[in-house]
Protein chains: 2
Amino acid sequence: MFGEDSPAITVLCGDQPPDGMERIERSATVRYTDDDGLADALTGADVLFVYDFLSTAVPGAWHAADRLSWVHIASAGVDPVIFPGMRDSDVVLTNSRGVFDAPISEYVLGAVLAFAKDFARSLRLQDEARWLHRETERVEGRHAMVMGTGPIGRAIARMLRAAGMRVTGIGRTARTDDPDFGVVHPSTALLSRLPGADYVVAVAPLTEQTKGVFDSRAFAAMKTGARFINVGRGELVVTEDLIAALRANEIAGAALDVFDTEPLPADSPLWRMENVLVSPHMSGDAVGWRSVLVERFAENFDLWRAGRPLQNVVDKNLGYVPSTAA
Amino acid sequence: MFGEDSPAITVLCGDQPPDGMERIERSATVRYTDDDGLADALTGADVLFVYDFLSTAVPGAWHAADRLSWVHIASAGVDPVIFPGMRDSDVVLTNSRGVFDAPISEYVLGAVLAFAKDFARSLRLQDEARWLHRETERVEGRHAMVMGTGPIGRAIARMLRAAGMRVTGIGRTARTDDPDFGVVHPSTALLSRLPGADYVVAVAPLTEQTKGVFDSRAFAAMKTGARFINVGRGELVVTEDLIAALRANEIAGAALDVFDTEPLPADSPLWRMENVLVSPHMSGDAVGWRSVLVERFAENFDLWRAGRPLQNVVDKNLGYVPSTAA
């Protein structure tokens, strides 16, 4: 049971409570829970902090939320906490927008350069002590198309431009004078624009509109030399279509940090493809990220206690923080 | 024998003559040779085009050069054609300055990001189908120290800065207002400055002054978290000292594109070190580089025939093209 005199916070965190909660514990009653205990722990809670942002337990425990007014998630993507009950409620939803932008932008540029400079092959040749000179690709002037024009997509666009690439965006609203992208094409033009891209970066939020947009038609539309980089959500992609496209050499490679099932099952063919770089959903997780995530929640908690507007309020119908709220 | 009526050019190219020489062949007598035939082919030659820039045969054949006035090398480094006979002669030496700058700068940034984002480990874990989340390092704000302030070092400095790094240079002349580096420390301060660097990039020309500067004392001076990147010449490094420093974890890793013996012998421990990225002297060799190298020679040949000053004349005492001649 929560006490009467202080706000009640439930932290969904699996079996490992986050560090750095001491300050919050001094002014709130905090209960830590895993998926199984969530429903019990939601009863009487004013606030839910979804620290375990990969958990899918919130919809199933929602019925127990009897006085919840705010949910905060320790991630940029909010798809695990968007469902009819949440959408129809008055509960305010906030995310951790901004924490992951710069690390992911560095990761994406690293993946682009790893492809262009053929680092994976160098490592495999190194394992055989084989000296095999190859010509490398230039990055300057190559065209990167970034689907997703939120803060992470913008950080990626700025970073790729800084390295000399040409960048365009795919977003909900077309424009020709975007400060980060220059040109943003509308999502409806994705298929017609894909043939122009050397690198295709997926970083859109996962919504009903974006789910599975990278399917067989999309991969068929790409250049055979194109590389596909996914740092958004695995479900943006029809995974079997991606595997088929890679096998058929319809595209030249993929760097995948997110998957529709995580951890990626050991029997996935993606692990064993030489033109694929698999990483375990870590592109945004720079040293110190966990304490930054707790810090962001604590900052919003101070606002919430003071009755002031929260930072990074998600539009529950759009499924992300609208850019005007930045 | 060369004819009497047109200039005589000897091309040192091993067993594979370069493509794209047709235009030159129309206005000169061109003889293609490998190392063994070089002395014979130098007799009567006006011009030597060292297309096989890794050959070490020029000093041994120099005695046969009886009317040579110009040597051009298809590389940035001129160390294989700097020797007393060359230095003491009136022969003009030119290099291929500029061809490699941008590709190498991309390669170095790629190596930095590969270290920061732990790509090599991701690939090795991928081979085992192992999902193992790690935190990644940021690149923004990390300090790269570049030894070598010629055009390649400058391109590297600009690229690393564009990606958000802090960059300083080590060069012959100290300065605090360098357009690419900001601060350049003098070579004499190398050891005292190394402790401040997260990444140390070697790209200085190989001269008597720079040979072996990266020795046990230099590696001991570096941070234990530092990575060493060599895109200059293998002989800048005392290789056994580097191997010892890597084994003792005095530094955290190395990306090596050049070696004191090339190809790197199969029994070199460097091949088998997990914190080392070996690549086969390819960092500057972007698709199309060979035709660009022939093009650069052809441009200089037109100047030479017209009796005009050549591009990229090497100061044979310094061992590189002085920057005032850029």
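Residues numbered from 1 in each chain as written. Chains lettered and ligands numbered in written order. Predicted model: local features only at pLDDT ≥ 70, side-chain atom pairs only at ≥ 80, totals over all residues. Heavy atoms only, no water.

An unreviewed UniProt entry lists chain A under the name D-2-hydroxyacid dehydrogenase, with Salininema proteolyticum as the source organism.

A. Spatial organisation of unusual backbone geometry. Of note, the bond from Glu262 of chain A into Pro263 of chain A is cis; its omega dihedral lies within 30 degrees of zero at -5°. In this fold, Pro263 of chain A is placed in the loop between strand 12 (253-256) and strand 13 (276-278). (Helix = DSSP H or I, 4+ residues; strand = E, 2+ residues; numbered from the N terminus.)

B. Geometry of the interface of chain B and chain A. Contacts between the two partners involve 54 residues from chain B and, on the opposite side, 54 residues from chain A. A combined buried area of about 4700 Å² lies between chain B and chain A, and 65% of that area is made up of carbon and sulfur atoms. Applying the counting rule to chain B against chain A returns 6 salt bridges. At the junction of chain B and chain A, the tally comes to 24 residue pairs in polar contact (both at pLDDT 80 or more). Within the residue set of the side of chain B that touches chain A, elements represented by two or more residues are helix 5 (101-116), helix 6 (119-127), helix 7 (151-162) and strand 13 (276-278) of chain B. (Contact = heavy atoms within 4.5 Å. Buried area = accessible area lost by both parts, 1.4 Å probe. Salt bridge = Lys/Arg side-chain N within 4 Å of Asp/Glu carboxyl O. Polar contact = N/O pair within 3.5 Å; in protein donor to acceptor, adjacent residues only side chain to side chain.)

C. Geometry of the sheet that holds strand 10 (residues 199-202) of chain A. All names here are of chain A. Reading across from one edge, 8-9-7-6-10-11-12-13 is the order of the 8 strands in this open sheet, with mixed pairing throughout. The strands lining the two open edges of the sheet, one partner per strand, are strand 8 (175-178) and strand 13. Direction aside, the axes of adjacent strands within the sheet are offset by 20° on average. By the bridge criterion, 5 bridges tie strand 6 (residues 143-147) to strand 7 (residues 166-171) in an arrangement that is parallel. What sits directly across from Met147, in strand 7, is Ile170. Across the sheet, helix 5 (residues 101-116) touches strand 10, strand 11 (227-230) and strand 12, and the angle it forms with strand 11 is around 155°. (Pairing = 2+ DSSP bridges. Axes fitted to C-alpha atoms, helices over the stretch in contact; angles between N-to-C directions.)

D. Region of interest: the packing of aromatic side chains. Counted according to the given criterion, the structure contains 26 aromatic pairs over all chains. A network of ring pairs unites the aromatic residues Phe49, Tyr51, Trp70, Phe297, Phe301 and Trp304 of chain A as a single cluster. (Phe/Tyr/Trp six-rings, centres within 6.5 Å; stacked < 30°, edge-to-face > 60°.)

E. The arrangement of the pattern of salt bridges in detail. The tally for this structure, following the rule as stated, stands at 34 salt bridges over all chains. Look at the salt bridges and you will find they share partners, linking Glu137, Arg142, Asp198, Lys223 and Arg227 of chain A into a network.

F. Molecular detail of helix 7 of chain B. All names here are of chain B. Taking 1.5 Å of rise per residue, 12 residues should cover 16 Å, and helix 7 covers 16 Å from first to last C-alpha, within 8% of that figure. All of the buried residues in helix 7 are Ile152, Gly153, Arg154, Ala155, Ile156, Ala157, Met159 and Leu160. Considering only its buried residues, helix 7 is in contact with helix 5, strand 6 (143-147), strand 7 (166-171), strand 8 (175-178) and strand 10 (199-202). Looking one or two places after helix 7, you find Gly164, whose phi comes out positive at around 100°. (Expected span 1.5 Å × (residues − 1). Buried < 20%, exposed > 50% of the residue type's maximum accessible area, 1.4 Å probe, protein only.)

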